[in-house]
Amino acid sequence: MLTKFETKSNRVKGLSFHSKRPWILASLHSGVIQLWDYRMGTLIDRFDEHDGPVRGVHFHKSQPLFVSGGDDYKIKVWNYKLHRCLFTLLGHLDYIRTVQFHHEYPWIVSASDDQTIRIWNWQSRTCISVLTGHNHYVMCASFHPKEDLVVSASLDQTVRVWDIGALRKKTVSPADDILRLSQMNTDLFGGVDAVVKYVLEGHDRGVNWAAFHPTLPLIVSGADDRQVKLWRMNDTKAWEVDTLRGHMNNVSCVMFHAKQDIIVSNSEDKSIRVWDATKRTGVQTFRREHDRFWILASHPEMNLLAAGHDSGMIVFKLERERPAFAVSGDSLFYAKDRFLRFYEFSTQRDVQVIPIRRPGSTSLNQGPRTLSYSPTENAVLICSDVEGGSYELYVVPRDSIGRGDSLQEAKRGLGGSAIFIARNRFAVLDKANNQVLVKNLKNEIVKKSGLPVAADAIFYAGTGNILFRSEDRVVIFDLQQRTILGELQTPFVKYFVWSSDMESVALLSKHTIIITDKKLMHQCTLHETIRVKSGAWDENGVFIYTTLNHIKYCLPNGDGGIIRTLDVPIYITKVSGNTIFCLDRDGKNRAIVVDATEYIFKLSLFRKRFDHVMSMIRNSQLCGQAMIAYLQQKGFPEVALHFVKDEKTRFNLALESGNIQIAVASAKEIDEKDHWYRLGLEALRQGNAGIVEYAYQRTKNFERLSFLYLITGNMDKLTKMLKIAEVKNDVMGQFHNALYLGDIKERVKILENAGHIPLAYITAAVHGLEDVAERLSDKLGENVPALPEGKKPSLLIPPAPILCGGDWPLLRVMRGMFEGGLDNAGRGAAEEDEEAADGDWGEELDMVDVDGVQNGDIAEVLEDGEVGDENEEEGGWDLEDLELPPEAETPRASVSARSAVFVAPTPGMPLSQIWIQRSSLAAEHAAAGNFDTAMRLLNRQVGIKNFAPLKSMFLDLHTGSHTYLRAFASAPVIALAVERGWNESASPNVRSPPSLVFDFSTLEEKLKAGYKVTTTGKFTEALRLFLSILHTIPFIVVDSRREVDEVKELISIVKEYVLGLQMELKRRELKDDPVRQQELAAYFTHCNLQLPHLRLALMNAMTVCYKAKNLTTAANFARRLLETNPSSESQSKTAKQVLKAAEANMNDAIQLNYDFRNPFVVCGATYVPIYRGQKDVSCPYCTSRFVPDQEGQICSVCDLAVIGADASGLLCSPSQIR
């Protein structure tokens, strides 16, 4: 059984497949009807108007209807498109067991516990016949698929066949009087429209189900006597043919399979059984652990079955439908109907080759599973699941192809799978010993080769190589050398498809396609929601594949798309140009012609074959939102531009591709303020001052216009802007323009007119306009403001622009592939290297009509898209030569020139962004200036939450990985990223990671300095040094795994010193607490210190305890000190004296919280011992240990991380990520 779909729900009592869509209805014991898409595995809808269990449900063959019958005595007809019940048929007096639509007439048949069967007309919504005769519950009733018969099964132990021919005749030609008479009869006697044709008696208990054969005069029934009975009928009588025994409990449902000669039954014994209808023997049994089966349904068109049980339902197939085939050049060998067949793609000749002998099948799925072909020897290997996996080898005589009569004995053998690996050698997988047996055409073993990984199947991978598959990976294995050539971790792979040049292979899983090269190096992955079925490579290196309902493509870069939809699944055998050759599930060869334009276009773009792209744009209908979005996403907005008619989309694409002309034309059509503003921004970015000016004029954006004239040094236009502001009575505009012009008198005049006389006076006085200042002081009288003494005023005039006149110089770039070549026909070819005219700030501003600022000539030039003759009459652009030195003459593609030589280069990705994309190292993110992600990484890796101590490190990293250049005074500073390990021979396309200011060697220097000051007793300085090491380590990047271990070791060394020094400094603060002093001195000796420092700590603790009369504890420290063999004579002498004094009086004056016999670590926050076996929490960064109630606090040792936080571990080397 091949399970395709499974649901979990209440007990399923009724099932029905939709004839066309991948839908199934399930009616539940809870009263709900569910509509499922079994292909996608999703619940589409639920209908819950029935009160109580719904036992029967059925889809209409052609209308968007289904019918249901329940324990509320109601039959409901639903429209699934409208998601509602259309009407209810009332008449039954007890539970309704089954309902079914007639395949042709507008009838519904229903069976009920009221011992009747009713036939209803769903169009007139009336009951047209009542079939009475059963004397117990009627468990099911169904129409014959072709004849005017109904079969019913009842708990009265009988199966009845009813003839409804009279009812059909009456429906086809209803005469009024007959109708009236029959209506009376129906009311009185139950009607004569339907008569009992046969009563089938033979079951010993109540019969639960009976069903007709789709074509033969057979009936099958299942009953509570645990038997399935087969009945035959002719025109006059019906009789029992055979009984199928095997079920252990009541048989709940039974049916004939539509496509195969088998009977399927299910039962309350929790099993589904498959029986051979001709031999009448059991073929296979499928069991469930806990669920009794209640209902079966078969798909009207496809080879699908469904079964409902106590906790849901399953949709399943009994056998695989994929034909076994092998393609070799222009020919295809495939297995169909117990024959090996041959198909030639070029001539479409399809012939029978030899019969394949199949043993009498005792179970399902015994047909050929795979087929392998050796063209030189004309030999075929066919693998199947017979005897748990076996193969048959046929050598086909060349002259017998087409005759199909030569019967030959196959060479057989056992093996999981078998494939040809050379001209006359084939490999067989021996699963039991996990080895591959290489055999010759005489079926003799030539060689055995053990496999390095447990494999469950082998596949072809080039001469002498095999691909083998295990649960989670695939491996290419060289049988000669016995070495692994490549491996890849994948979901469970079902099929492998090699390209014709054997350079690429597609790995097909249930829902995934992985494309790799011949060494299994991953190239791209595609995920599908619907099952992947087959695939083949076309001659362009595009992988064409099928799912259950689509033919799709996958480009080498991982882009995919749909070529066309399918009605039924197919299996692709070969792709040749626009033709896809395939086998369908019936084993028929089909050739499907498809439109390959879309994927060839995308492939040409990917391979930068722009000549193909051009011709396809001109000659094919590729337009569509999806294609435009694709071109935009792939960075070809200039190509997308030629597909688009909508002006707003054209405008956006033109801006994106830097095509100012088209953007201007679109902006004119749209004529909205926002679009002019965006056009101005883009033109400014390109340094196209003429267009910027035009855009600002169109939106009457006088402030921006003034600033534009300022930065481009156009004083004439600025003067005019001043006059415009005056006419508009815009005081601020006047003042700004006067400020930009450096016109002091004008500024004084504006301030005076605005009533700001003190400001006007100061301006005049400071700038030396004494006569004006005098006049204003007279006006002010005594309120003359005082000027600050001793200050030297300076003139406020804007700096002169560096480049005046004309647009920015542009790079000379070769004509773009899509520039000009795609222009509208009729424009005339421009010269390849056209010189652009150098204009002088456009048309004069019209001073009279201020609100409608005109720039007529610019508009005309832009619409025209070409520069007029240079000798035209003056007006518009005053053209003049700038007398530039020859080497500085830079051709400029101005707005008014056709863009013959310039394509705006697309801005590259900043190096800092490349660093971030490639790295999971916090230091590299900080160097790139992306502090936010660096903090997130540190938080995730080592639980750091307190970033305050690291602020200076972040800033140092960022500034240290960049260098800064000044071009000239008024230009911004240019920041350049500094890469690690850069040299002149490096490729400009390969970017290295950032250069970092911190490295491991400086930390080692710092560590030595820390040791030194610790020895000299400068504990505060030592603590500062060790803490700075701890704070720098997160930003260290090393190369090798060995160095990673050294970094981790450094953390643990420094952590011990920080903890010890913190305790020692704390001890020195406690003058009046001798007990705590002794404890802290004692704990200090348990930090993992260098030997000289440990001796000093022991000496210190011994002294403190001795002075406090704690002689036993002091003796312990003395003993430990002597064990270190101190080099200092004074240390060993003092220790011996303490030991001697302690031996005379072995006791402690004060009890300390210190047990040196019991191993412990010191809590980094409370400085108390945590003995072995006690619970503790640790810092995810420095690994210091703490008592449990410190969890969630900031670690007091490193002052960075949160105690007890989840963290993945510090990443400090790219080698950890690979």
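This section reports on the structure supplied with the text. (Residues numbered from 1 in each chain as written. Predicted model: local features only at pLDDT ≥ 70, side-chain atom pairs only at ≥ 80, totals over all residues. Heavy atoms only, no water.)

1. Overview of the packing of helix 27 (residues 1111-1123) against helix 28 (residues 1129-1144)
Just so we agree on the cut-off: Note on geometry: axes are lines fitted to C-alpha atoms, helical ones only across the stretch in contact, with angles between N-to-C directions running from 0 to 180 degrees. Numbering of helices and strands runs from the N terminus; a helix is a DSSP stretch of H or I covering at least four residues, while a strand is a stretch of E covering at least two. Take the far helix as your reference; a near helix turned counterclockwise from it by less than a right angle gives a left-handed crossing, and one turned clockwise gives a right-handed crossing. Note on contacts: a residue pair qualifies if any of its non-hydrogen atoms lie within 4.5 Å across the two residues. For this scheme, ten residues count as nonpolar: Ala, Val, Leu, Ile, Met, Phe, Trp, Tyr, Cys and Pro. Four count as charged, namely Asp, Glu, Lys and Arg, and the remainder, Gly too, count as polar.
Packing of helix 27 against helix 28 leaves a shortest axis separation of 9 Å and a crossing angle of 145°. Along this stretch, helix 27 crosses helix 28, giving a crossing that reads as left-handed. When helix 27 is examined against helix 28, the residues Leu1111, Ala1114, Ala1115, Ala1118, Arg1119, Leu1121 and Leu1122 are found in contact with a partner set consisting of Gln1131, Ser1132, Ala1135, Lys1136, Val1138, Leu1139, Ala1141 and Ala1142. Each residue belonging to the contact of helix 27 with helix 28 can be placed in one class, and the counts come to 11 nonpolar, 2 polar and 2 charged.

2. Considering helix 20 (residues 931-942)
Convention followed: Every helix has an expected span of 1.5 Å times one less than the residues it contains. Burial classification: accessible surface area is computed with a 1.4 Å probe over protein chains only, and a residue below 20% of its type maximum counts as buried, one above 50% as exposed, and the rest as partly exposed. Note that the arc is defined by the directions from the helix axis to the C-beta atoms.
A rise of 1.5 Å per residue sets the reference length of helix 20, with its 12 residues, at 16 Å; its end C-alpha atoms lie 16 Å apart and thus fit the reference within 8%. Of the positions making up helix 20, those classed as buried are Thr933, Ala934, Leu937, Leu938, Gln941 and Val942. What you see down the axis of helix 20 is that its buried residues fit within an arc of 140°, all on one side.

3. Some thoughts on the pattern of salt bridges
Operational definition: Each salt bridge in this description consists of a side-chain nitrogen of Lys or Arg and a carboxyl oxygen of Asp or Glu lying within 4 Å of one another.
Going through the model one piece at a time under the given rule, you end up with 42 salt bridges. A salt bridge links Arg369 to Asp385; the nearest nitrogen and oxygen atoms lie 3.1 Å apart. Note that Arg369 is positioned in strand 33 (residues 368-374) and Asp385 in the loop between strand 34 (379-384) and strand 35 (390-395), a separation of 16 residues in sequence. Relative accessible area serves as the criterion here: at 35%, Arg369 is assigned to the partly exposed category. Glu752 serves as the salt-bridge partner of Arg775, at 3.0 Å between the closest nitrogen and oxygen. Of this pair, Arg775 sits in helix 16 (residues 770-780) while Glu752 sits in helix 14 (residues 744-753), and the two are 23 residues apart along the sequence.

4. Considering the sheet that holds strand 3 (residues 23-28)
This is how it is decided: Only strands that DSSP links by at least two bridges are regarded as paired with each other.
In spatial order, the strands read 2-3-4-5; together these 4 strands make up an open sheet with antiparallel pairing. Of all the strands in the sheet, the pair left with one neighbour each is strand 2 (12-17) and strand 5 (42-47). Sheet twist, expressed as the mean angle between neighbouring strand axes with direction ignored, is 20°. Relative to strand 4 (residues 33-37), strand 3 is paired through 5 bridges, and the arrangement is antiparallel. Residue pairing across strands places Trp23 opposite Asp37, the latter belonging to strand 4.

5. Quick look at the packing of aromatic side chains
Two aromatic rings are characterised by how far apart their centres lie and by the angle between their planes. The test is simple: Two rings belonging to Phe, Tyr or Trp (six-membered ring only in the last case) form a pair when the distance between their centres is within 6.5 Å. Interplanar angles under 30 degrees mark stacking, angles over 60 mark edge-to-face geometry, and anything in between is tilted. For a lysine, the NZ atom is tested; for an arginine, the CZ atom; a charge sits over a ring if that atom is within 6 Å of the ring centre and within 35 degrees of the ring normal.
Tallied over the full model, the rule gives 36 aromatic pairs. Ring geometry for Trp676 and Tyr694: centres 5.6 Å apart, planes at 85°, overall edge-to-face. Of this pair, Trp676 sits in helix 9 (residues 673-685) while Tyr694 sits in helix 10 (residues 689-698), placing them 18 residues apart in sequence. Tyr694 shares its class with Trp676; the two are buried. Each member of the aromatic cluster is reached from another via a ring pair, and the members are Trp23, Phe47, Phe59, Phe66, Trp78 and Tyr80. Its end group placed over the ring of Trp294, Lys13 keeps NZ or CZ at 3.9 Å from the ring centre. In this structure, Arg322 packs its charged tip against the face of Tyr495, placed 3.7 Å from the ring centre.

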